[in-house]
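# Report on the structure
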Amino acid sequence: MPTENKFNEEILNSIAEGVITVDKTFKVNFINRAAEEIMGYKKDEVLGQFCKYILKCDLCQTKCPIGIVLESGTNLYDYSSVIYDKNGNRKPIKLNAAILKSSDDKPVGGVISFRDVSELERIKQESNVISNFFGIVGHGKAMQEIFRLIMEISESDATVLILGESGTGKELIANAIQATSARKDKPFLKVNCSVFPQNLLASELFGHVKGAFTDAVKDRPGRFELADGGTIFLDEVAEMPLQTQIQLLRVLQEGTFERVGESITRKVDVRVIAATNIEIQKALKEGKLREDLYYRLNVIPISIPPLRERKEDIPHLVKHFIETYSKLYRKTIPDISDNALELLMKYSWPGNVRELENVIEYAVVRTKNENQIEIVNLPTNIKNQQTEQNPTRKVFRNENAASLLSVLEKHKWNKTKAAKELGIGRTTLWRMLRELNIEE
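The notes below deal with the structure included here. (Residues numbered from 1 in each chain as written. Predicted model: local features only at pLDDT ≥ 70, side-chain atom pairs only at ≥ 80, totals over all residues. Heavy atoms only, no water.)

### Quick notes on the overall build of the protein chain
As a reminder, the rule being used: Under the scheme used here, helices are H or I runs from DSSP no shorter than 4 residues and strands are E runs no shorter than 2 residues, and both carry numbers assigned from the N terminus. Only heavy atoms matter for contacts: two residues are in contact if any of them lie within 4.5 Å across the pair.
Per the secondary structure count, the protein chain includes 21 helices and 16 strands. When contacts within the protein chain are restricted to residue pairs at least 6 apart in sequence, long-range pairs at least 24 apart make up 64% of them.

Take a look at the structure:
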């Protein structure tokens, strides 16, 4: 058994993600080398210490991520958060949390894995070229209309409801709304409403007083108080418990609320941006979303189309992600082959832009420096897809065919320049023209 434990420890020390495990009292009983490097601590400094005093994650202000998993019964995956290292430096991370169970299925502790995404955030900020809208890549008609709407509402404090499937970029849209608003220099706080159980979510949003519940050891302001004068982004708002929906409705109507366990009414001035990926009409019919709250949130609706409905953006997104991850992994990947791009155009992208980003990161990692991405570098599910429909016929039909003609006419039918603007290879452009029976 000791040999097996040593082997497992060596495996955990060999991975790039930080890993911390805790016992049932939330005290650290293991930390791998990557976690030591990210946080600046040595193993001897953290073993036996409470996790929240070491990780200092923004979730820890309310409760340890493991505690949230225990109460909600759902593991945390790829949760965007922030920690502070030993020297107090802020580090954005992606965090996972799960319960560790014994052989008889009883909880014996928890595990938190996380990776530092500081460098990735820096590169993405540097990559916001003119063709991007506050970090959002969208050249098609649907996304351009969304960009225009965001600019039109820049002087308004009206509530916005962003609708779209998972992975379409709802948080990026919220960021763009905030960046163009009159409150851009004011606080901007974000809450994922699907992560917290009911009592914890109410505390997270509205705060609590000492003794309001078991872990309430001191008074704590909520996100609405901290965002006073600014903006709050409520992600997955339709998964909020009904009782909390009532409290949110009151804030939207009157700008007032009470902390959990307190009867003092407090007033705030906060602009609300909300988002959800659920089917609204179905949620209303099933009583999961209050109708009065929906109409209060739906002042300015923004519906983001899934990637399968805006495939004209795929070449531009691919180019953007190749540049981003080439910088991150210190490689020079010049482009993607026409055949590989064609496979990406055929794919239905159930995970939307987030899935495409992951695919390109995978491909960049597997591509040798200074080589272009080929089919062999793509994930198996992309390579093995079977489809009879030619992607170009689907992508550039109707208004998109007109867009293609417009680009060609703009460059006086110089196909090299047109292909460059479209973000595709010249061979792919020729194939599209042939499929659409377009001649000069």
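### Some thoughts on the sheet that holds strand β8 (residues 160-163)
Through backbone hydrogen bonds, the strands of a sheet pair up, either in parallel or in antiparallel fashion. In plain terms, the rule: The criterion for strand pairing is that DSSP finds at least two bridges linking the strands in question. All axes here are fitted lines through C-alpha atoms, helices being fitted over the stretch that makes contact, and every angle between N-to-C directions spans 0 to 180 degrees.
Ordered by their spatial adjacency, 5 strands build an open sheet running β9-β12-β15-β8-β16, and the pairing between neighbours is parallel. Across the chains shown, the open sheet's two edge strands, defined by having one partner strand only, are β9 (188-192) and β16 (300-303). Going from strand to strand, the sheet's axes swing by 15° on average, the running direction of each strand aside. Relative to strand β15 (residues 271-276), β8 runs parallel, the two being bridged by 4 bridges.

### As for the side chain of aspartate 85
Under the convention used in this document: Relative accessible area decides the class of each residue, using a 1.4 Å probe on protein chains only: under 20% of the type maximum gives buried, over 50% gives exposed, and in between gives partly exposed. Polar contacts here mean pairs of N or O atoms no more than 3.5 Å apart (in protein, one a potential hydrogen donor and the other a potential acceptor; neighbouring residues in sequence count only if both atoms are side-chain atoms).
Looking at where aspartate 85 falls in the secondary structure, it is placed in the loop between β3 (76-84) and β4 (90-101). Judged by relative accessible area, which is 7%, aspartate 85 ranks as buried. A distance of 2.9 Å separates a polar side-chain atom of aspartate 85 from the backbone nitrogen of asparagine 87. When sequence neighbours within four positions are dropped, the list of residues in contact with aspartate 85 reads Ile38, Met39, Lys56 and Lys91.

### Looking at the nonpolar core
In a soluble, globular protein the nonpolar side chains are often hidden away together inside. Note the cut-off: Buried Ala, Val, Leu, Ile, Met, Phe, Trp, Tyr and Cys residues that are joined via side-chain atoms within 4.5 Å together make up what is termed a nonpolar core.
Residues Met39, Leu55, Phe114, Phe224 and Leu234 are the most contacted members of the largest nonpolar core, which totals 61 residues. Among all residues touching leucine 55, those that are not within four sequence positions of it are Ile20, Met39, Ile83, Tyr84, Leu95, Ile112 and Phe114. In this structure, Leu317, Trp349, Val353 and Val359 belong to the second largest nonpolar core, which totals 30 residues.

### Considering the sheet that holds β4
With antiparallel pairing, the 5 strands of this open sheet are ordered in space as β2-β1-β5-β4-β3. A single partner strand is all that each edge strand has here, and the edge strands are β2 (28-31) and β3. Taken over all neighbouring pairs, the strand axes of this sheet differ in orientation by 30° on average, direction set aside. Those strands touched by helix α5 (residues 65-72) are β1 (18-23), β3, β4 and β5 (107-116), and its axis lies near 45° from that of β4.

### Observations regarding the pattern of salt bridges
Test applied: When a carboxyl oxygen of Asp or Glu is within 4 Å of a side-chain nitrogen of Lys or Arg, the pair counts as a salt bridge.
Tallied over the entire structure, the rule returns 17 salt bridges. Put simply, glutamate 204 and arginine 223 hold a salt bridge, and the shortest N to O gap is 2.7 Å. Note that glutamate 204 is positioned in helix α9 (residues 198-206) and arginine 223 in helix α10 (residues 223-226), a separation of 19 residues in sequence. The same class applies to glutamate 204 and to arginine 223, which are both buried. A cluster of three or more residues bridged by salt bridges with shared partners is formed by Glu225, Arg259, Glu262 and Arg266.

### Focus on the packing of aromatic side chains
We apply this condition: Classification of ring pairs uses Phe, Tyr and Trp, with its six-membered ring standing for Trp, and accepts pairs whose centres are within 6.5 Å; under 30 degrees between planes counts as stacked, over 60 as edge-to-face, and the remaining range as tilted.
Tallied over the entire structure, the rule returns 8 aromatic pairs. Considering the side-chain rings of tyrosine 347 and tryptophan 349, the 4.6 Å spacing of their centres and the 90° angle between planes classify their relative orientation as edge-to-face. Given a relative accessible area of 11%, tyrosine 347 falls into the buried group. In textbook terms, an aromatic cluster arises when at least three aromatic residues are bridged by ring pairs, as seen for Phe133, Phe134 and Phe147.

### Considering the environment of glutamate 37
Position of glutamate 37 relative to the elements: it lies in helix α2 (residues 33-39). Here the alpha-carbon distance between glutamate 37 and aspartate 85, two residues 48 residues apart in the chain, equals 9.4 Å.

### Points about the packing of helix α7 (residues 141-152) against helix α8 (residues 170-180)
Pairs of packed helices are described in terms of their axes, by the angle between the two and the distance that separates them. Heads up, the condition is: Two helices crossing with the near one rotated counterclockwise from the far one by less than a right angle form a left-handed crossing, whereas a clockwise rotation gives a right-handed crossing. Classification convention: Asp, Glu, Lys, Arg as charged; Ala, Val, Leu, Ile, Met, Phe, Trp, Tyr, Cys, Pro as nonpolar; all other residues, Gly among them, as polar.
As a packed pair, α7 and α8 sit with axes 9 Å apart at the nearest point and diverge in direction by 35°. Crossing geometry of α7 relative to α8 is assigned as right-handed. The residues of α8 that touch α7, namely those facing Ile146, Ile150 and Met151, are Ile173, Ala176, Ile177 and Thr180. Broken down by class, the residue content of the contact of α7 with α8 amounts to 6 nonpolar, 1 polar and no charged.

### Topic: the pairing of β16
Across the two faces of β16 the burial differs, with Ile300 and Ile302 buried and Pro301 and Ser303 not buried at all. In this sheet, β16 lies alongside β8 in parallel orientation, the contact comprising 4 bridges. Across the sheet, isoleucine 162 pairs through a bridge with isoleucine 302, a residue of β16.

### What about unusual backbone geometry?
Even without glycine at this site, glutamate 236 takes up a positive phi of about 55°. As for its position among the elements, glutamate 236 is in the loop between β12 (231-235) and α11 (242-254). Judged by relative accessible area, which is 10%, glutamate 236 ranks as buried. The backbone of glutamate 370 shows a phi angle near 70°, a positive value even though the residue is not glycine. Note that glutamate 370 resides in the loop between α16 (352-366) and α17 (380-383). Among the residues examined, glutamate 370 registers a relative accessible area of 58% and is labelled exposed.

### Here's the deal with the environment of isoleucine 375
The residue isoleucine 375 is located in the loop between α16 and α17 in this model. Assessed through its relative accessible area of 32%, isoleucine 375 is described here as partly exposed.

### Focus: the pairing of β15
With 6 of its 6 residues buried, β15 lies for the most part within the structure. Going residue by residue along β15, you find Arg271, Ile273 and Ala275 tucked away on one face and Val272, Ala274 and Thr276 tucked away on the opposite face as well. Inspection of the sheet shows β12 paired to β15 by 4 bridges, in the parallel sense. Residue leucine 234 lies in a different strand from β15, and its bridge partner there is alanine 274.

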